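Each chain, written out:
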Amino acid sequence: MTSFNSILIDFFLNPWFLLSLLFWLIVLVLVYLLRNKKEAAYLFFPLLVMFKTKRLNNFIKKISRKAPKFWRIFWTIGIFISFGITIFAFYFFFANFINLIINPRIEQAIVPLIPGVTINLPLFFYMILPLLFVITTHEFAHGISASSEDVDVKSTGVLGACLFFIIGFGAFVEVDERELHSNKIHRNTRLRIAAAGTYVNAITAGIAFILILSFPLIISPTYRQVTQVRTVLRAEEGGFNYGNLLSGDVILAIKKEGALDDDYINLDDYKGYTLSNILYNKTELRCSIGENLTFKIYNPSKDTYSEKKIILGPRYNVGIGYRYNSNGTAFEITKIYLENEGGNNYNKNLSVGLVIKEINGIPINISLGNSLEKVLTTFNLKSINLTTDLKTYILDVDVDGVLVGIQSNSYFMHKNQIAKFFTSYFPELLIRELSWLFIIAFSVTLFNTLPLPVFDGDRMVKELINWGFGENYNSLKKKRDKYLFKDDENEFELSEYRIEKIDSVKIIIEDPRIITEKSEIILPKEKYKLIDKINDGFNDTVSLNLPKKTNIGENATIEISYQYWYDEKRKIKRIIVNSLRLLTLFIVAGNFILSFVKFGGIIFWI
């Protein structure tokens, strides 16, 4: 109980938790102050908060107006890049769908990223900042491209995400969709704006990929990657230096015992001076069995340096893979390596599934330390006898190099005090964030270019189909739109754009006490007016002229009947678009379903 209380105290007194607590206190104060402003704040506690504002509009306009010709060329290139990605994305999901049917492999699995379900929460924490960055750059791309084309940006907003120790900020942009899809805006402009977000996501993925490839160069001025001891193997586990090296020891440099300090070889993975390369004689330091080496050691927990002498044992090759049984009194041969795989006992009549119970006449017993690994720590070993219940096999033992007898991991060793202050965890955090940035940006790029509703690819495909078939507004159609009545609203944007005339405007009032009781008020023509709100030459909005104070309740409905010019080619274009959507949805859903059926509840990405 005391230990549990200590964990709770450490958790709640953690500086990052206190910062997250402060974050939400500030958010709650802002939400309260903005309570009377319509649609100013959206709270999704304890994950996300959104604040709408127009303050970032000027920032977007300032950027877009600096080099309008550059932006026009830049976003035009984005049309071709994004459309190319659309074709690739469709091919990718289709080919993957076929492979999942014919020859399924785990690397082909595509699973929706659901925190706590398909991806564990600790890993999700690393995704928050890259995800916010991808969202922000995507939204700003739409905003800058729209502003550079003089399309109105209605509002911008700030995103704040905070979950325990993770705090991140992003932004979003809201473009005037009615103006964008009106006759006022040229088709090329709509294509540039639609492609902008995906285009920038693709650029983000490319930059992240380059940064990952060049990460050693980026980190080399402040850190070098060395080897840290994770586990020191006992003799029965195949170890030679148990009790000498310790878990957590960081190996900085290696020299032969008795050599001068100038002969130390400093470990640096980025320069090829790794522990493995040294032990395999791939550097100027030559190692041999039974030789003593001196390791320069750094202890991170104590911030101390020391030297430790270790012995090199033999690394043997017996040409088999094996697995111990549950009680550790036998092992089963799971693989026999062929000659071209480096096997040296492929011709000894061994077979997969053989159960070995004795080694050199001694019964196997892990609890007593009688193991194959311990036998393989014997110096100058030439052969071993493996015995089953029925037969003994004599296996050749070849020397394959030298062994220290540790399990290790990489460690970023600081080169200066600044790097030491940020600790060895910082480079690991950086490379993880870059990796997730690439994965998220690439995944969003692929999905967002697909012709599915809400996605940018759908907008691009509709524009291209509309361009290919053209438009033919030669007939009038009738339509009826309904809106909830609100005291502070007197303008109603109709769902169609080219309005010819208004047939009627009704206010329908329902009595909540009597379900079937309704009353209608038909407004005279002088009480409403048809206007061109977008200024594109076509009427699209009805403006009501009602008294400021009325007896109309909030449960009333405004019903507007009107006639509009209808595109006679709309039906065939809609059939083609919906067919593409259904085909794409079938392929993508098929990838998800087959991934689950073939591989079950795996934890994966996209």
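Residues numbered from 1 in each chain as written. Predicted model: local features only at pLDDT ≥ 70, side-chain atom pairs only at ≥ 80, totals over all residues. Heavy atoms only, no water.

Draft legend 1. Representation of the sheet that holds strand S25 (residues 541-544). Reading across from one edge, S21-S25-S24 is the order of the three strands in this open sheet, with antiparallel pairing throughout. Strands with a single pairing partner mark the edges of an open sheet, and in this sheet they are strand S21 (491-493) and strand S24 (528-531). Direction aside, the axes of adjacent strands within the sheet are offset by 20° on average. Relative to S25, S21 runs antiparallel, the two sharing three bridges. (Pairing = 2+ DSSP bridges. Helix = DSSP H or I, 4+ residues; strand = E, 2+ residues; numbered from the N terminus. Axes fitted to C-alpha atoms, helices over the stretch in contact; angles between N-to-C directions.)

Draft legend 2. Looking closely at the packing of helix H4 (residues 68-102) against helix H7 (residues 187-213). The N-to-C vectors of H4 and H7 enclose an angle of 70°; their axes lie 7 Å apart at closest approach. Here H4 is positioned roughly perpendicular relative to H7, judged by the angle of their axes. Side by side, H4 and H7 meet where Arg-72, Phe-74, Trp-75, Thr-76, Ile-77, Gly-78, Ile-79, Ile-81, Ser-82 and Ile-85 of the first sit next to Asn-188, Leu-191, Arg-192, Ala-195, Ala-196, Thr-198, Tyr-199, Val-200, Ala-202 and Ile-203 of the second. A per-class count over the contact of H4 with H7 returns 13 nonpolar, five polar and two charged. (Parallel < 35°, antiparallel > 145°, perpendicular 65-115°, else oblique. Contact = heavy atoms within 4.5 Å. Nonpolar A, V, L, I, M, F, W, Y, C, P; charged D, E, K, R; others polar.)

Draft legend 3. Representation of the sheet that holds strand S20 (residues 473-484). With respect to topology, four strands assemble into an open sheet ordered S20-S26-S22-S23, the strand pairing being antiparallel. Both edges of this open sheet fall to S20 and strand S23 (518-522), since each of them pairs with a single strand only. Taken pair by pair, the neighbouring strands of this sheet meet at an average axis angle of 25°, ignoring direction. In this sheet, strand S26 (residues 557-567) lies alongside strand S22 (residues 499-510) in antiparallel orientation, the contact comprising eight bridges. In the sheet register, Ile-502 faces S26, and the bridge partner there is Tyr-562.

Draft legend 4. Geometry of the confidence of the model for the protein chain. Residues with a pLDDT of 70 or more make up 85% of the protein chain, whose mean pLDDT is 85. Of all helices and strands in the protein chain, the one with the weakest mean pLDDT is helix H1 (residues 2-12) (58), whereas strand S6 (residues 250-256) scores best (96). Overall, residues 602-606 carries pLDDT values under 50, and its contacts beyond four positions in sequence, including any with other chains, amount to 22 contacts. (pLDDT = per-residue confidence, 0-100.)

Draft legend 5. Quick peek at unusual backbone geometry. At Asn-281, a residue that is not glycine, the phi angle is positive and equals roughly 60°. With respect to the helices, strands and loops of the structure, Asn-281 is situated in the loop between helix H9 (275-279) and strand S8 (292-299). Residue Asn-535 is not a glycine yet carries a positive backbone phi of 65°. Along the chain, Asn-535 falls in the loop between S24 and S25. Residue Asn-535 is classed as exposed on the basis of its relative accessible area, which comes to 59%. (Buried < 20%, exposed > 50% of the residue type's maximum accessible area, 1.4 Å probe, protein only.)

Draft legend 6. Up close: the packing of H7 against helix H12 (residues 425-448). Their axes nearest at 8 Å, the elements H7 and H12 cross at an angle of 150°. On the basis of their axis angle, the class for H7 and H12 is roughly antiparallel. Like other packed secondary-structure pairs, H7 and H12 cross with a definite hand, here left-handed. In contact with Thr-198, Asn-201, Ala-202, Thr-204, Ala-205, Ala-208, Phe-209, Leu-211 and Ile-212 of H7, H12 contributes Ile-431, Leu-434, Ser-435, Leu-437, Phe-438, Ala-441, Phe-442, Val-444, Thr-445 and Asn-448. Here the contact of H7 with H12 is built from residues that sort into 13 nonpolar, six polar and no charged. (Left-handed = near helix turned anticlockwise from the far one by under 90°.)

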